[in-house]
Amino acid sequence: MPRVLAAEPSPLPFDPASTALVIIDMQRDFLELGGFGESLGNDVSLLAAAVPPAQAVLAAARRADLLVVHTREGHRPDLTDAPPAKLARGAPAARIGDPGPMGRILIRGEPGHAIIPDLAPLPGEPVVDKPGKGAFYATDLANILAARQIATLLVCGVTTEVCVHTTVREANDRGYRCAVIGDACGSYIPAFHEAGLAMIKAQGGIFGWVTASAAVVAALDGGP
Ligand code: TIU
């Protein structure tokens, strides 16, 4: 049954049957000390505020039987899928693949690569491993969404202006309606979080819609 999500720049009608919740990269490597995020010089505590809102929308999505997709950024242990330009960029305290307190940084299968326990996937919820920032690049996300005839994406996670934004831009070009759940996103750079959300909804919703976790929960729990 169609519902309406309170959002900016306009309310977004959606059908839960063709809507997916996509949770981007809520991994220990980004949210906890000793991971990739901290190796880049960031204050990882800035991402913690996004966790309770993300938990709320995840619980509501499960109650409403939405397709829930989790993503993880990371690379093969032999780094064959890691572009040299990504490996060499900047002057991080530790590079991708280097050992850290949560195992090798941003490497699939290591403790730091895991999704944080508060948002752990349930069996049956697809987990998409991605080598890049966007969740469509070099993954089977498009196939997963097409198989369920998904038209609308509710997107949250970290970081707002990096992997969330890249994914929403990719999805927008592929024809999906995207609603970014602002308080369930986080960035190491608060000004970029705000600007990233503003960019989504500017110009009549050039990339999509911006909403809030309470609005998503209300729309999903509220019934038709
Ligand atoms: N550095 C940063 O803000 N983000 C990333 O490197 N990846 C994601 O956003 N997941």
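Our structure is the block above this text.
Residues numbered from 1 in each chain as written. Predicted model: local features only at pLDDT ≥ 70, side-chain atom pairs only at ≥ 80, totals over all residues. Heavy atoms only, no water.

*Asks:* Looking at this model, I keep getting lost on the overall build of the protein chain. Mind explaining?
*Replies:* In terms of helices and strands, the protein chain carries eight helices and ten strands. Relative to its length of 224 residues, the protein chain is compact, with a C-alpha radius of gyration of 17 Å against a globular reference of 17 Å. Its C-alpha atoms give the protein chain principal-axis dimensions of roughly 50 × 35 × 30 Å. Relative to its 224 residues, the protein chain shows a buried fraction of 50%. Summed over its atoms, the accessible surface of the protein chain is roughly 9600 Å², and 58% of this surface lies on carbon and sulfur atoms. Of the side chains in the protein chain, 18 bear a positive and 23 a negative charge, and the two mean positions are spaced by 4 Å. (Helix = DSSP H or I, 4+ residues; strand = E, 2+ residues; numbered from the N terminus. Rg over C-alpha atoms; globule rule 2.2 N^0.38 Å. Buried < 20%, exposed > 50% of the residue type's maximum accessible area, 1.4 Å probe, protein only. Areas by Shrake-Rupley, 256 points an atom, 1.4 Å probe, with all protein chains shown as cover. Lys, Arg positive; Asp, Glu negative; His and termini not counted. Charge placed at Lys NZ, Arg CZ, Asp CG, Glu CD.)

*Asks:* How should the sheet that holds strand β7 (residues 127-130) be read in this particular structure?
*Replies:* One key point about sheets: their strands pair by backbone hydrogen bonds, in either a parallel or an antiparallel sense. Spatial ordering of the open sheet is given by β7-β4-β3-β8-β9-β10, a layout of six strands whose pairing is parallel. The strands lining the two open edges of the sheet, one partner per strand, are β7 and β10 (209-211). Across this sheet, the average inter-strand angle for adjacent strands is 25 degrees, counted without regard to direction. Bridging between strand β9 (residues 177-186) and β10 involves three bridges; their strand directions are parallel. Across the sheet, the residue bridging to I181 is T211, located in β10. (Pairing = 2+ DSSP bridges. Axes fitted to C-alpha atoms, helices over the stretch in contact; angles between N-to-C directions.)

*Asks:* Honestly, helix α7 (residues 190-205) in this entry has me stumped. Any pointers?
*Replies:* The periodicity of an α-helix, 3.6 residues per turn, causes residues three or four positions apart to be oriented the same way. Taking 1.5 Å per residue as the helical rise, α7 with its 16 residues ought to reach 22 Å, and the 21 Å between its terminal C-alpha atoms agrees with that figure. For α7, the principal kink sits at A198 and spans about 30 degrees. Taken as a whole, α7 has its buried residues at H193, G196, L197 and I200. Close packing links the buried residues of α7 with α6 (160-173), β9 and β10. (Expected span 1.5 Å × (residues − 1). Bend = angle between axes of the 7 residues up to and from the residue. Contact = heavy atoms within 4.5 Å.)

*Asks:* Looking at this structure, how should I read the environment of A151?
*Replies:* Assignment of secondary structure puts A151 in the loop between α5 (141-147) and β8 (152-158). By relative accessible area, which is 27% here, A151 ends up partly exposed. Distance from A151 to A171, taken between C-alpha atoms, is 9.9 Å for residues 20 residues apart in sequence. Leaving out residues up to four positions away in the same chain, A151 has contacts with S18, Y176 and R177.

*Asks:* So what exactly am I meant to see when it comes to the site of the ligand here?
*Replies:* Near the ligand, the surroundings consist of D25, F30, F36, L40, E73, K133, V158, T159, V162, C163 and Y188. D25 places a polar side-chain atom, nitrogen or oxygen, 2.7 Å from a nitrogen atom of the ligand. One of the backbone N or O atoms of C163 is found 3.2 Å from an oxygen atom in the ligand. For the ligand, whose accessible area on its own is 280 Å², the fraction buried by protein is 92%. Here the shell around the ligand is composed, by residue class, of seven nonpolar, one polar and three charged. (Near = heavy atom within 4 Å. Polar contact = N/O pair within 3.5 Å; in protein donor to acceptor, adjacent residues only side chain to side chain. Nonpolar A, V, L, I, M, F, W, Y, C, P; charged D, E, K, R; others polar.)

*Asks:* Which parts of the structure should I look at to understand the pattern of salt bridges?
*Replies:* Applying the stated criterion across every chain, the model contains nine salt bridges. E73 is the partner of K133 in a salt bridge, and the nearest nitrogen-oxygen pair spans 3.0 Å. Here E73 lies in strand β4 (residues 67-73) and K133 lies in the loop between β7 and α5, a separation of 60 residues in the sequence. By relative accessible area, which is 27% here, K133 ends up partly exposed. The salt bridge involving D81 is made with R108; its shortest N-O contact spans 3.8 Å. (Salt bridge = Lys/Arg side-chain N within 4 Å of Asp/Glu carboxyl O.)

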